[in-house]
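# A look at the structure
This is what each chain is made of:
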Amino acid sequence: MINRVYFTVCCILSGVILLGAPNSVYATDDENCLMCHKYAGLGRYGKDENQNAKKRVFYVNEEQYKASYHGKLRCKSCHDGVEEIPHTDVEAVNCAKDCHLKDPSTGRDFSHKAIKKDLDFSAHGYKGSRTDEHMEDLPNCKDCHSNKAYQIGMDEQIASMKFIKICLECHESKEWTERFYRHMFYRASTRRSSKEVVALCSKCHADQAMMERHDLDVVVGFKDTFHGKAIVYGDEEVANCLNCHAPYGLGFSPHRVKSSRDDVSPVSPEHKLETCAQQGCHAGAKEEFASKGKVHASLQSAGRQARAGEEVSQAELAFQTWVLNLINLIYKILIVGVVGGLGMHRLLDLYASRRASKMGGHH
Amino acid sequence: MSHHGKKQRTFLRLTVSQRIQHVILFTSTGLLILTGFMLLGERWAIDLFGSAGNTIFYWRGVVHRIAGVAVTLVCLYHMVYVVVSEEGRSWLRDMLPRLKDGVDAGQNVSFMLGFRKARPKMDRFTYMEKLEYFSVYFGMFIVILTGTMMWTEWLWPKFYLDVADALHLGEATLAALAIIVGHIFTVHYNPHVYPMNKAFIDGQISEEIMLEEHPLWLDRLEAEEATATAAATEKDVEKRDDA
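In this text the structure is predicted, and so the values were computed from the model without any measurement.

## Regarding the overall build of chain A
Broken down by element type, chain A carries 15 helices and four strands. Looking at chain A as a whole, 27% of its 363 residues qualify as buried. The long-range share in chain A, meaning contacts at least 24 apart out of those at least 6 apart in sequence, stands at 43%. Accessible surface for chain A amounts to roughly 24,500 Å². Of this, 60% is attributable to carbon and sulfur atoms.

In structure tokens form, the structure reads like this:
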């Protein structure tokens, strides 16, 4: 009797294990997190920092995760705690912690520490931000970065078929080699299109309430500039936000962006000319080109209090706005007058022709 | 030739040179309007181009510049033409505004309103045609100047470029609408020329339209013809006498 019960329990248990855990899970998930997190319905409603309901999804698609930048990392490499079930002991992910992964260039533990420090001292960081208030508005890593999959172009993928064969002459692991190849080609290409850059920056910089909290102009005029229009068409040659505000060519990076009112900013009066002329964009630009004007008009540009270090004074800005508005007004009047006059003349002419033909007076 | 089957006299309204100038002017202006206003497209409309957008944007710029150069050259050529060549000088002479144009305008409006029995008799160019012609000078001056500024953007202060941009756009909008309402309607939708005044193709104007629109010019041409015939007859007579 006991033997029969023991046999049945063994059968059920092995069935549960065999059915519930497909082979692939064992490949990387030695922590067995996917036992629960593979279910697409896993999630709950929590609260965000403003106490608003927020949907939280705890589902992890294994295939997508494995193809992502961090696909080689174990869950607990980033998620500290998670010893208890349910996970009440979980801590927020700290991107600046030391990874267990070795940086092949130094042999030491890899870390995003340095780049996080750059961010902290940039205009977007809590140390570089001009005010100490509304720190919750400042972007964190995840506001700009998601753990995406490496996406390389079709040409590179085709090239990889031959190239990886060469690599595999020496390197044993095909998976590692393919991953390395994808990493290199992905990083070597532009990862965000200009359209995506504008959309990303606009998430905050087109938010009027948030910009007001930080004494910043809402960027509304960029979409009407030549640069803005070209970007909407898909042009990648013209400048997007980062090409002027954080150009790699001039030693900046998106992580080291500075306030435009900061002397070292690439768009400060001292550096603007160099920024406009970089990469042959406006090669040969004269000093006047890069001065006395706004590249993108902003909602609060005119009429607000002058700020220290601002290149175009309020009086100048008011004058410029006045001139441009005047030109627009004159043309509006001209268009209504001329086109309306021409239209009236045409209508009168038609009326006269009709009358003439009705009276039989038309020749 | 008349469509009534009856042979009708026609007169030379536009010479070959004038027709070629006009073709270059309207093709390049059309392209300039199209490629220029593509910059004002709304995002959803531009998105319809999909992945071809970038290529379209590139060619938009190239075509706008080529057409800009073409229109500049034809304008410069025309300004030399009206001074240097005989037919150009006659064109400009007949085009210059006169006091009569003001009188014509007043009388024509009162005719159209029904206060007068007949239209005022007008010469080779009506007051509307003169207005259109000189508007092109004004408009071209502004768009060519500001267009050149924006093409050589590195030479100018940003604010000057903003002014150039505003003027370029304003003038282009005015010109485009004026051409549609003022010119296309006159030469295409006028009841007595519909579907189009073919003078821009064959250069000919019918006697019918001459009488309707340019009776004084018809008188002048007939007078000239009479003088020429008289002179020829006189020559013939002289020849016969010599013989």
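Continuing now.
## Quick look at the pattern of salt bridges
If charged atoms from side chains of opposite charge come close, those side chains can pair. Using the criterion set out here, one finds 25 salt bridges over all chains in the structure. The partner of E83 of chain A in a salt bridge is K76 of chain A, with the nearest N and O atoms 3.7 Å apart. Note that R261 of chain A and D215 of chain A form a salt bridge whose closest N and O atoms lie 3.8 Å from each other. Separated by 46 residues along the polypeptide, R261 of chain A in the loop between α13 (241-245) and α14 (272-277) and D215 of chain A in the loop between α11 (208-213) and α12 (226-233) bring together distant segments of the chain. By relative accessible area, which is 19% here, R261 of chain A ends up buried. One salt-bridge network, in which partners are shared between bridges, spans D94, D123, R124 and R220 of chain B.

## A word on the interface of chain A and chain B
Listed per partner, the contact involves 44 residues of chain A and 48 residues of chain B. For the pair chain A and chain B, the summed buried area comes to about 4,000 Å², and 69% of that belongs to carbon and sulfur atoms. On the chain A side of the contact with chain B, Y233, Y331 and R346 of chain A bury the most area, a combined 20% of that side's loss. Put simply, chain A and chain B have two salt bridges between them. Across the salt bridge formed by K195 of chain A and D47 of chain B, the nearest N and O atoms sit 3.9 Å from each other.

## Concerning a nonpolar patch on the surface
A cluster of nonpolar residues, L177, I179, I180, I184, F185, Y189 and Y194 of chain B, forms a patch on the protein surface that exposes about 630 Å² of accessible area. Secondary-structure assignment places F185 of chain B in helix α7 (residues 158-189).

## Topic: the state of the cysteines
Residue and element names in this part refer to chain A. According to the stated counting rule, one finds zero disulfides over all chains in the structure shown. Here C36 stays free of any disulfide, with the sulfur of C33 as its closest cysteine sulfur at 8.9 Å. Here C244 stays unpaired: no disulfide links it, and the sulfur of C276, its closest cysteine neighbor, is 6.5 Å away.

Analysis parameters
- Residues numbered from 1 in each chain as written.
- Chains lettered and ligands numbered in written order.
- Predicted model: local features only at pLDDT ≥ 70, side-chain atom pairs only at ≥ 80, totals over all residues.
- Heavy atoms only, no water.
- Helix = DSSP H or I, 4+ residues; strand = E, 2+ residues; numbered from the N terminus.
- Buried < 20%, exposed > 50% of the residue type's maximum accessible area, 1.4 Å probe, protein only.
- Contact = heavy atoms within 4.5 Å.
- Areas by Shrake-Rupley, 256 points an atom, 1.4 Å probe, with all protein chains shown as cover.
- Salt bridge = Lys/Arg side-chain N within 4 Å of Asp/Glu carboxyl O.
- Buried area = accessible area lost by both parts, 1.4 Å probe.
- Patch = residues over 30% accessible without salt bridge, like charges linked within 9 Å, V, L, I, M, F, W, Y side chains within 5 Å.
- Disulfide = S-S within 2.5 Å.

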